[in-house]
Amino acid sequence: MASNLRVRRAGTLHIDLPPEQAFFYFTAEGERAYIDSWDPRMADGGAEQERGSVFTTDADGELTIWTVLESDARAGRALYSRVTPGSRAGFAEVALTADGAGTRVRIGYDLTALVPEANERLAAFDLGFDAMLADWSKKLAALAEEAERAA
């Protein structure tokens, strides 16, 4: 019997915005600003993110259902359940802490393949994790610079 892969990854990045501003970029709506394929659809049609909110994404032909388990801008913490039916499930976690004039962001994922056929996709996520964070960091730096110029 083939076993299902579990991947636990975490990394950090820095954004030159205070935590209360940076938090937005780690919400369903905020990630649109720097993740090209990110197009969340809130299940209730609203734009607010709060505990219990549900949204879906469709990346590479796969529907993923996200549930907000925790979203607290003041505490700098967000926790999401994510399920790609018939493929993988787990959670994504974001924790922000002040770092000088900016913010240190820890991003963690704990994902498990639901069927052996999902192992390959999960392994690819694992291999690409560091590059994904590097890309996000670069794009967030540009957004922070733009926000500073606008202020």
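Residues numbered from 1 in each chain as written. Predicted model: local features only at pLDDT ≥ 70, side-chain atom pairs only at ≥ 80, totals over all residues. Heavy atoms only, no water.

1. Digging into the sheet that holds strand β2 (residues 41-42)
Right, so step 1: Here seven strands make up an open sheet; going across it, the order is β1-β7-β6-β5-β4-β3-β2 and the pairing antiparallel. The open sheet is flanked by β1 (6-15) and β2, the only strands paired with a single partner.
Right, so step 2: The pairing of β1 with strand β7 (residues 102-113) spans ten bridges and is classified as antiparallel. Within β7, the position partnered with A10 by the bridge is G108. (Pairing = 2+ DSSP bridges. Helix = DSSP H or I, 4+ residues; strand = E, 2+ residues; numbered from the N terminus.)

2. Looking at the side chain of S53
Right, so step 1: Mapped onto the elements of the fold, S53 is located in the loop between β2 and β3 (54-59).
Right, so step 2: Sequence-distant contacts of S53, that is, excluding residues within four places in its chain, are made with M42, E48, W66, T67 and V68. (Contact = heavy atoms within 4.5 Å.)

3. Re the pattern of salt bridges
Pairing between side chains of opposite charge can happen when their charged atoms approach one another.
Right, so step 1: Enumeration over the complete set of coordinates arrives at 13 salt bridges.
Right, so step 2: Across the salt bridge formed by R9 and D130, the nearest N and O atoms sit 2.9 Å from each other. Residue R9 is found in strand β1, and its partner D130 is found in helix α2 (residues 119-150); the two are separated by 121 residues along the sequence.
Right, so step 3: Looking at D130, the relative accessible area reads 51%, which means it is exposed.
Right, so step 4: Salt bridges linked by common partners bring D60, E62, R88 and R121 together as one network. (Salt bridge = Lys/Arg side-chain N within 4 Å of Asp/Glu carboxyl O. Buried < 20%, exposed > 50% of the residue type's maximum accessible area, 1.4 Å probe, protein only.)

4. Re the packing of aromatic side chains
Right, so step 1: Applying the stated criterion to the full structure yields eleven aromatic pairs.
Right, so step 2: Relative to Y80, the ring of F55 lies with its centre 6.2 Å away and its plane at 85°, an arrangement referred to as edge-to-face. Taken together, the residues span a long stretch of sequence, with F55 in strand β3 and Y80 in strand β5 (residues 77-84) at a distance of 25 residues. Y80 matches F55 in its accessibility class, with the two residues each being buried. (Phe/Tyr/Trp six-rings, centres within 6.5 Å; stacked < 30°, edge-to-face > 60°.)

5. A look at the environment of R74
Right, so step 1: Mapped onto the elements, R74 comes out in the loop between β4 (62-72) and β5.
Right, so step 2: Sequence-wise, R74 and G61 are 13 residues apart; in three dimensions their C-alpha atoms are separated by 35 Å.

6. Some words on the nonpolar core
Taken as a class, soluble globular proteins show a tendency for nonpolar side chains to be buried jointly.
Right, so step 1: Formed by 35 residues in total, the largest nonpolar core has its most connected members in F26, W136 and L140.
Right, so step 2: Among the secondary structure elements, those contributing two or more residues to this core are β1, β4, β5, β6 (88-99), β7 and α2.
Right, so step 3: In terms of residue count, α2 provides more of this core than any other element does, eight residues in total.
Right, so step 4: Not counting residues within four places of it along the chain, the set of residues in contact with L140 comprises L13, I15, Y25, F26 and Y34. (Core = buried A, V, L, I, M, F, W, Y, C linked by side-chain atoms within 4.5 Å.)

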